[in-house]
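Survey of secondary and tertiary structure
What follows is each chain in one-letter form.
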Amino acid sequence: MDLEVAEDYKSSTIKKKESWRTVLTLAFQSLGVVYGDLSTSPLYVYKSTFAEDIHHSETNEEIYGVLSFIFWTLTLIPLLKYVFIVLRADDNGEGGTFALYSLLCRHTKMSFLPNCQVADEELSAYKKKDSVGPPVINIGFRMKSMLEKHKVLQKMLLLLALIGTCMVIGDGVLTPAISVFSAVSGLELSMSKEHHKYVEVPVACFVLVCLFALQHYGTHRVGFLFAPITITWLFCISAIGVYNIIHWNPHVYQALSPYYMYKFLKKTRLQGWMSLGGILLCITGSEAMFADVGHFSQLSIKIAFTSVVYPSLILAYMGQAAYLSKHHIIESEYKIGFYVSVPEKIRWPVLAIAILAAVVGSQAIITGTFSIIKQCSALGCFPRVKIVHTSSKIHGQIYIPEINWTLMLLCLAVTIGFRDTKRMGNAAGLAVITVMLVTTCLMSLVMVICWNQSIFLAIGFILLFGSIEALYFSASLIKFLEGAWVPIALAFTFMVVMYVWHYGTVKKYEFDVQNKVSINWLLSLGPSLGIVRVRGIGLIHTELVSGIPAIFSHFVTNLPAFHQVLVFLCIKSVPVPYVQPEERFLVGRIGPKEYRLYRCIVRYGYHDVHKDDMEFERDLVCSIAEFIRSGNSDYNCGGMEEFEKEDEKMAVIGTSSSFNEGIRMCDNDDDDPGETAGTSELREIQSPMVPRKRVRFVLPESPKIDRDAREELQDLMEAREAGMAFILGHSYVRAKRGSSFMKKLVINYGYDFLRRNCRGPSYAWSVPHASTLEVGMVYHV
């Protein structure tokens with residue numbers, strides 16, 4: 001669940017000193033985004049627990065034991081584990097499975113693709129000190145070295161992160177289904193059995209269809225209602241809980257003693273252990289506290305949970321237990337549901353609020369699924385998909401059409417296929433507890449490798465929380481044939497897709513590295529490259545961060561002309577959430593100046609928003625112009641660092657908006673920047689009069705620019721006026737002869753099928769189709 005808030009909120013949350021007004025505002029907002037799923041769990045926990053495995057007897061030992069388990073599970077997992085420990089393991093303010101994995105990647109020098117550079121380690125996000133204490137023993141260094149040396153361990157760690165990610169996606173299918181169906185199930189108390197079974201499923205399906213159909217509008221239009229709806233729902237269930245406690249059983253608080261857990265297991269034995277799969281649903285949505293920590297702040301999430309959510313949930317569960325302790329025989333087959341404990345006079349209003357709360361909780365997990373798919377795609381672990389930004393201010397509000405309709409169909413299939421909360425609960429419980437187990441495992445590694453803590457502390461952490469979660473995991477897994485197979489099937493499907501795409505992407509990149517063209521071959525061609533140089537800028541898209549791609553030589557030998565300015569463009573993702581605008585570009589020159597060949601590496605974090613094509617083109621041209629203006633001088637004071645990379649000297653240059661003093665570009669549609677900056681400070685280099693869009697570079701008065709640099713800038717302006725063309729490689733990837741059957745199956749069929757049916761790089765990077773030229777090549781990997 002990775003909902004992102006506006007940039008002004010983002011900048012305020014990462015400050016160490018926050019005003020109480022800001023903290024309380026964020027805490028209020030987090031109630032609707034973070035806790036929508038967790039707050040609706042009272043709708044189905046008791047009903048799922050008492051489905052078939054155990055029965056509610058007159059001794060109340062079962063209901064008291066379940067209440068004791070719920071209380072201590074809520075206390076140990078969300079409160080102790082997440083609020084006090086896991087929230088500290090943020091990655092520059094961002095949380096979730098990818099945050100933990102990115103921390104481990106940086107500290108062990110692992111990456112999704114082998115395209116790491118020395119300059120990436122100089123990013124401000126890399127420089128953050130994640131260690132919270134001095135090294136205790138050398139075990140962390142030994143574990144780090146072991147991970148760096150053994151590829152098998154790296155693959156196992158990647159698989160572990162992918163399993164957690166895929167289970168989150170599976171949760172995006174199951175949570176809307178069980179939440180909406182449980183909320184709608186309140187209709188059964190107002191209808192006869194013959195009628196309600198024909199009404200519940202259609203109504204639930206109608207709500208789900210409406211929910212997914214409205215996704216393309218974005219949640220920012222109704223997002224302001226999320227927190228009030230959740231607060232209203234929490235107030236309702238806590239008030240009903242207090243009423244039931246006072247009216248039916250004021251002594252129900254005695255069940256909070258852990259002794260009742262022992263009595264429960266002693267009496268129910270195997271059936272009691274199997275019923276734990278329903279009890280764990282009380283912590284559904286707890287992972288959102290860590291996943292959404294970057295969108296709010298640690299303090300605001302802690303305040304919201306400890307002061308509002310936690311006490312409200314405890315009162316709600318105690319109230320239901322108090323009511324059920326005095327109602328051992330419930331007429332009809334409704335058994336033990338949420339609505340039987342609601343006073344009859346307010347059932348209809350509570351039903352309406354419950355449906356709205358279920359929609360809010362479902363909305364959070366759906367949007368979170370979009371976000372995690374975007375992260376996977378950015379890091380090369382998921383096929384490229386269409387990403388639509390539904391808000392110009394709230395950048396995290398995205399919409400992915402393919403994923404949206406896939407989730408809707410799967411949700412409808414689960415709702416229609418199961419038609420009861422028992423099997424839905426079994427499925428959702430396994431997905432939830434698997435994600436928590438993955439978080440526990442990654443967290444123990446972060447403690448040792450990133451925090452330099454004692455190995456005994458990590459072992460204690462994994463023994464305490466891992467044993468609890470393993471107990472719940474075993475109780476959920478035993479229900480494999482009763483619904484738990486659904487998240488396993490979903491996770492397996494998504495994991496196969498992700499791993500096949502990642503494997504094919506890595507092999508394709510390795511082929512590019514092995515077949516890149518030497519600089520000597522380029523120098524032998526001369527400044528004209530052996531062909532006619534035409535006006536314009538040619539952007540050659542490549543995955544390589546150094547060297548000349550094979551597609552360039554293929555192009556040169558088959559076409560008689562090339563653009564006067566060539567830019568080898570590499571758009572790469574780095575294992576950090578955000579890259580600062582002033583660190584966005586790495587720019588270098590390939591060959592002598594008169595060749596007019598440049599390399600530009602654009603770096604994005606896994607949470608960064610890619611700009612549209614027009615703004616991106618402007619920033620790209622300005623970054624090259626700034627590189628030319630700065631020359632080979634040491635420019636560290638201006639935010640530029642130079643470093644040697646093979647045959648190229650590259651510099652760190654920001655976007656045009658991050659320049660305090662530097663080159664600016666404007667065309668005939670823009671206002672004259674000299675009017676705002678002052679003519680005494682800026683000078684203009686203008687291109688010759690041509691019947692095309694007029695482009696100007698506005699330069700600072702000092703330092704002086706030499707003649708060669710001015711000519712180079714003049715050529716760049718003329719090329720920009722003539723237009724830009726995007727040259728992309730259309731690859732046909734095939735396994736080498738003699739490869740194993742499995743490799744041929746994965747590459748020739750799996751990866752090829754995904755590549756042909758996903759979005760191309762031109763669509764993923766918002767490249768205009770009219771300016772795109774594709775060059776076909778066969779890759780034998």
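Preceding block: the structure.
All figures in this text were calculated on a predicted structure; none of them were measured in a lab. (Residues numbered from 1 in each chain as written. Predicted model: local features only at pLDDT ≥ 70, side-chain atom pairs only at ≥ 80, totals over all residues. Heavy atoms only, no water.)

**A short note on the packing of helix α5 (residues 61–84) against helix α19 (residues 455–477)**
Contact geometry for α5 and α19: axes closest at 12 Å, N-to-C directions at 135°. Taken together, the axes of α5 and α19 are oblique relative to one another. Considering only the axes of α5 and α19, their crossing is left-handed. Along the contact surface, α5 presents F69, T73, L76, I77, L80 and K81, while α19 presents F461, F465, I468, E469 and Y472. Counted by class, the contact of α5 with α19 contains eight nonpolar, one polar and two charged residues. (Axes fitted to C-alpha atoms, helices over the stretch in contact; angles between N-to-C directions. Helix = DSSP H or I, 4+ residues; strand = E, 2+ residues; numbered from the N terminus. Parallel < 35°, antiparallel > 145°, perpendicular 65-115°, else oblique. Left-handed = near helix turned anticlockwise from the far one by under 90°. Contact = heavy atoms within 4.5 Å. Nonpolar A, V, L, I, M, F, W, Y, C, P; charged D, E, K, R; others polar.)

**A word on the pairing of strand β4 (residues 561–573)**
The buried fraction of β4 is high, at 12 of 13 residues. Strand direction decides the pairing type here: strand β3 (residues 532–541) and β4, joined by eight bridges, are parallel. Across the sheet, residue L539 finds its bridge partner in β4, namely V567. In the sheet, β4 pairs with strand β6 (residues 597–604) via eight bridges, with the strands oriented parallel. Bridged to C570 within β6 is I601. (Buried < 20%, exposed > 50% of the residue type's maximum accessible area, 1.4 Å probe, protein only. Pairing = 2+ DSSP bridges.)

**Structural notes on the environment of I353**
With respect to the secondary-structure elements, I353 resides in helix α16 (residues 347–378). A relative accessible area of 19% means that I353 is categorised as buried. Through-space distance from the C-alpha of I353 to that of C236 is 8.7 Å; in sequence the pair is 117 residues apart. Residues within four places of I353 in sequence aside, it is in contact with T232, W233 and C236.

**Description of helix α17 (residues 401–418)**
Residues spaced three or four apart along an α-helix point in a common direction, a consequence of the helix completing one turn every 3.6 residues. Its 18 residues place the ends of α17 26 Å apart at the C-alpha level, agreeing with the 26 Å of an ideal helix rising 1.5 Å per residue. Of the residues making up α17, those classed as buried are P401, I403, N404, L407, M408, C411, L412, V414, T415 and F418. One face of α17 carries all of its buried residues, which in axial projection span an arc of 165°. Just past α17, the residue R419 takes up positive phi, approximately 60°. (Expected span 1.5 Å × (residues − 1). Arc of directions from axis to C-beta.)

**As for a nonpolar patch on the surface**
Together, F456, I459, I462 and L463 make up a nonpolar patch on the protein surface, roughly 400 Å² of accessible area in all. Mapped onto the fold, I462 is located in helix α19. Judged by its relative accessible area of 31%, I462 is partly exposed. (Patch = residues over 30% accessible without salt bridge, like charges linked within 9 Å, V, L, I, M, F, W, Y side chains within 5 Å. Areas by Shrake-Rupley, 256 points an atom, 1.4 Å probe, with all protein chains shown as cover. Salt bridge = Lys/Arg side-chain N within 4 Å of Asp/Glu carboxyl O.)

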